[in-house]
Amino acid sequence: MSKDNISNKWEQKAQELLMGKRIIGVKYMSTHEANESMWGNRPICILLNDGTWIIPQRDDEGNDGGSLYVSHPRNSGDDEILPVIGMED
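This section reports on the structure supplied with the text. (Residues numbered from 1 in each chain as written. Predicted model: local features only at pLDDT ≥ 70, side-chain atom pairs only at ≥ 80, totals over all residues. Heavy atoms only, no water.)

Moving on: the pattern of salt bridges. Under the defined criterion, the tally for this structure stands at four salt bridges. Residue E33 pairs with K27 through a salt bridge whose shortest N-O separation is 2.8 Å. For E33, a relative accessible area of 31% gives the class partly exposed. The salt bridge partner of D64 is R58, with a shortest N-O separation of 3.5 Å. (Salt bridge = Lys/Arg side-chain N within 4 Å of Asp/Glu carboxyl O. Buried < 20%, exposed > 50% of the residue type's maximum accessible area, 1.4 Å probe, protein only.)

A few words on the side chain of N41. Here N41 shows up in strand β2 (residues 41-42). Take N41: its relative accessible area is 16%, and that puts it in the buried class. At 3.0 Å, the side chain of N41 forms a polar contact with the side chain of D64. Apart from residues lying up to four places away in sequence, N41 is in contact with A34, R58, D64, G65, V84, I85, G86 and M87. (Helix = DSSP H or I, 4+ residues; strand = E, 2+ residues; numbered from the N terminus. Polar contact = N/O pair within 3.5 Å; in protein donor to acceptor, adjacent residues only side chain to side chain. Contact = heavy atoms within 4.5 Å.)

Right under this line is the structure:
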């Protein structure tokens, strides 16, 4: 499969999963949930109106929670990172 076909496939999948949905909740993963995933960090979790959770991971294999880069419009210079937090934080 060509690089363009791979990109198109995953863009279509992302659109199917995310387009038109609303964020209705945001929380950090609990220590219990992180332990269940065998993770050492707790990422921010985003709940969509259809019950879907968006949970950043360190990599494709789900080896730990990941941070989330938030880019503000018009390059305002106010971009932010929503970091992972430790198990005791």
